[in-house]
Structures are given as structure tokens and as C-alpha cells.
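This is what each chain is made of:
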Amino acid sequence: NAGVTQTPKFQVLKTGQSMTLQCAQDMNHNSMYWYRQDPGMGLRLIYYSASEGTTDKGEVPNGYNVSRLNKREFSLRLESAAPSQTSVYFCATKVGSNYGYTFGSGTRLTVV
Amino acid sequence: TQLLEQSPQFLSIQEGENLTVYCNSSSVFSSLQWYRQEPGEGPVLLVTVVTGGEVKKLKRLTFQFGDARKDSSLHITAAQPGDTGLYLCAGSTSGTYKYIFGTGTRLKVLA
């Protein structure tokens, strides 16, 4: 089925460890996004990529880096994880500005 | 800065009741979307509205975009247990690729 695939689904890190969250889409969409979802805070944009080769900061980019590897793949890296980065992370894609997002099923990250 | 406020935050109702969920802002949106999210999954798009005063219907769900494009509502008629979930609104202020999400309304429909 066409869609957005995120790996891993669950991860526990120790403070200071690094990791990369992977996201791949087979919808041939140009724009891709990383959001985090925290209780009472809604979804907040971390980084986005409007097209292959470009990335831009969102609302909460500190502590994260991204790579748009090609049109299909957009990864999110935590260089030195902190407990404040405990969250559920969603990757999403969409075809154009007034179109809806297609979200992956999320990565639940716990930093201890 | 959170631009979108949703109310109520939580709602628990009996099957068959009607309900309305609100999404409000001081900003003008070029388009606004509603999503439903179930536990362990990502949000799923329900509707996009782009014109002030626009009303869209999706079976028992009715979506309205305010005339000034600053607010929106979602009305569910004769709610069913399958409507249970987190309802999120999301708006774009400038027709860009980025949308701001509201904090959500968590709905539980009891059989």
C-alpha cells in the first residue's frame, strides 16, 4: 500500500546518545515534514523539506538535524538526546499547499 | 506560539448524541484542515476548507469555515463509538507548505 513508512516504531535512548529516525514515502510527493506530538501541545513542526535538496527549520528545530536523502527519504537525527526530546515523532508528506498531509504511524521515543 | 485553540479539550458522550467541536484563532487562514487520530496511529485527513463560509459534509460530519477564515467547527450528528478519537484542526496562514496544528479535542463515544 502506498504511504509513509517510519522506522523504528519504538526506541529508548539514554541521555547523550544519538540516533536517526528514518522516513520513506512512495507517494512521489515533493514536500516532507517531521512533527513531534506531546500531550497538551498538539503537533509541532520540527523541520520540513519543500522539495528534494532543500530543508528548513520549523517551530522547534533545536537539538535536531535532518537530511533529505532523495525524493523518497527524509531522516531526522538527534545528535545528543535529552529527556525533553521524549515524544512521539511523525513524518508526513503532501503533494501541495492546500492538500492534506499523509502521516506515518509514528516513532515513540523515550529518553531516560 | 500556538495559533489555534480547540474546544472542548475532552468530550465524553453517549452514542446517538450530537456534538460540536471548535477551532479558533486570531489569525486568518488561507486553508484549514481537520484530522482524526486513533491511538498508535498518525492523523488522517478528514477535510480541507479554503473559502470563508464554506460548509462541507462527510456522512454524519459537517465542517464549517468561518466567514472571516479565522475559525472552524466540526459537528457530528448521532455519534457512534467508531467516532472515538483525537480530532485536530490545522491551518495555513499564507498558503505555504506549513500548517499549524491545534491541541486537539479528545472524543469518546460510549455505546
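See the structure shown above.
My aim in this report is to walk through the structure given alongside it, one point at a time. Worth saying up front: this structure is predicted, and the values here are computed from it rather than measured.

Listed per partner, the contact involves 23 residues of chain B and 22 residues of chain A. Together, the buried faces of chain B and chain A total about 1700 Å²; carbon and sulfur atoms form 54% of this surface. Across the chain B-chain A interface, the total number found is 0 salt bridges. If you look at where chain B meets chain A, you find 5 residue pairs in polar contact (both at pLDDT 80 or more). Elements that contribute at least two residues to the side of chain B that touches chain A include exactly strand E4 (31-37), strand E5 (44-49) and strand E9 (85-92) of chain B. Ranked by residue count, the leading element in the side of chain B that touches chain A is E4 of chain B, at 4 residues. Among the residues making up the side of chain B that touches chain A, the classes are represented as 9 nonpolar, 12 polar and 2 charged.

By the secondary structure assignment, Thr48 of chain B is in strand E5. At a separation of 3.4 Å, a polar atom in the side chain of Thr48 of chain B contacts the side chain of Gln33 of chain B. Not counting residues up to four positions away in its chain, the partners in contact with Thr48 of chain B are Asn98 and Gly100 of chain A together with Ser31, Leu32, Gln33, Glu54 and Lys56 of chain B.

What follows is about the sheet that holds strand E3 (residues 19-25) of chain A. All names here are of chain A. On the basis of which strands lie adjacent, the open sheet formed by 4 strands has the order E1-E3-E8-E7 and antiparallel pairing. Strands at the two margins of the open sheet, each flanked by one partner only, are strand E1 (4-7) and strand E7 (64-68). Going from strand to strand, the sheet's axes swing by 15° on average, the running direction of each strand aside.

A few words now on the packing of aromatic side chains. Under the definition given, this model contains 15 aromatic pairs over all chains. Ring plane angle 85° and centroid distance 5.6 Å describe the contact between Tyr35 of chain A and Tyr101 of chain A, whose orientation is recorded as edge-to-face. Linking Tyr35 of chain A in strand E4 (residues 31-38) with Tyr101 of chain A in the loop between strand E9 (87-94) and strand E10 (102-103), this pair joins segments that are 66 residues apart in sequence. Under the relative-accessibility criterion, Tyr35 of chain A is labelled buried at 1%. Ring pairing ties together the aromatic residues Tyr33, Tyr35, Tyr48, Phe90, Tyr101 and Phe103 of chain A together with Tyr35, Tyr99 and Phe101 of chain B, which thus form one cluster. Note that Lys94 of chain A overlies the ring of Tyr101 of chain A, its terminal NZ or CZ placed 5.3 Å from the centroid.

Quick look at the nonpolar core now. With 21 residues, the main nonpolar core has Leu19, Leu32, Trp34, Phe63, Leu74, Ile76 and Leu107 of chain B as its most contacted residues. Those elements that place two or more of their residues in this core are strand E3 (19-24), E4, E5, strand E7 (61-65), strand E8 (71-76), E9 and strand E11 (105-110) of chain B. Residues contacting Leu19 of chain B, with those up to four places away along its chain left out, are Leu11, Ile13, Leu74, His75, Ile76, Ala79 and Leu107 of chain B. With 20 residues, the next largest nonpolar core counts Met19, Leu21, Met32 and Val66 of chain A among its residues.

Note that Ser87 of chain A resides in strand E9. Those residues within four positions of Ser87 of chain A in sequence are excluded, and the remaining contacts are Arg36, Gln37, Asp38, Thr107, Arg108 and Leu109 of chain A.

Take the pairing of E9 of chain B next. Two faces make up the sheet, and in a regular strand the side chains alternate between them. Residues and elements named next belong to chain B. Among the 8 residues in E9, 8 count as buried, and that is most of the element. Sheet topology places E4 next to E9; 7 bridges connect them, and they run antiparallel. By the bridge assignment, Gln37 is partnered in E9 with Leu86. As paired strands, E9 and E11 are joined by 3 bridges and run antiparallel to one another. Considered in E11, the bridge of Leu86 is made with Arg106. In this structure, E9 lies alongside strand E10 (residues 100-101), joined through 2 bridges in antiparallel fashion. For Gly91, the partnering residue across the bridge sits in E10 and is Ile100.

This part is about the pattern of salt bridges. All names here are of chain A. Counted according to the given criterion, the structure contains 5 salt bridges over all chains. Among the salt bridges present, the one from Arg36 reaches Asp38, with a minimum N-O distance of 2.9 Å. When sorted by exposure, Arg36 lands in the same class as Asp38, which is buried. Within this structure, Arg36, Asp38 and Arg44 form a network of salt bridges that share partners.

Thresholds, definitions, all that
- Every chain is numbered independently, its residues counted from 1 as its sequence is written.
- Whichever chain is written first becomes A and whichever ligand is written first becomes 1, with later ones labelled in order.
- At least 70 in pLDDT is required for a residue's local features to be given in this predicted model, at least 80 for side-chain atom pairs to be given and counted, and no such filter applies to totals for whole chains, interfaces and linings, which use all residues.
- Side-chain metrics in this entry use all non-hydrogen atoms of the structure; hydrogen atoms and water are not considered.
- Here a residue-residue contact requires only that any non-hydrogen atoms of the pair lie within 4.5 Å.
- Computed with a 1.4 Å rolling probe, the buried area is the accessible surface lost when two parts are put together, summed over both parts.
- Each salt bridge in this description consists of a side-chain nitrogen of Lys or Arg and a carboxyl oxygen of Asp or Glu lying within 4 Å of one another.
- Whenever a nitrogen or oxygen atom comes within 3.5 Å of another N or O atom, the pair is scored as a polar contact, on the condition that within protein one atom can donate a hydrogen and the other can accept it, and that pairs from neighbouring residues in sequence are kept only if both atoms are in side chains.
- Per the convention used, a helix needs a DSSP run of H or I reaching at least four residues, while a strand needs a run of E reaching at least two, with both numbered from the N terminus.
- Three classes are used: nonpolar for Ala, Val, Leu, Ile, Met, Phe, Trp, Tyr, Cys and Pro, charged for Asp, Glu, Lys and Arg, and polar for all others, with Gly counted as polar.
- DSSP calls a pair of strands paired once it identifies at least 2 bridges connecting them.
- Throughout, an axis means a line fitted to C-alpha atoms (over the contacting stretch in the case of helices), and angles, computed between N-to-C directions, take values from 0 to 180 degrees.
- Ring geometry is summarised as follows: Phe, Tyr and Trp rings, the Trp one being its six-membered ring, pair when their centres sit within 6.5 Å, and such pairs are stacked at plane angles under 30 degrees, edge-to-face over 60 and tilted between the two.
- Only protein chains enter the area calculation, which uses a 1.4 Å probe; residues under 20% of their type maximum are buried, those over 50% are exposed, and those in between are partly exposed.
- Definition used: whenever NZ (Lys) or CZ (Arg) falls within 6 Å of the ring centre and also within 35 degrees of the ring normal, the charge is taken to sit over that ring.
- The nonpolar core is taken to be a set of buried Ala, Val, Leu, Ile, Met, Phe, Trp, Tyr and Cys residues, with the residues joined through side-chain atoms within 4.5 Å.

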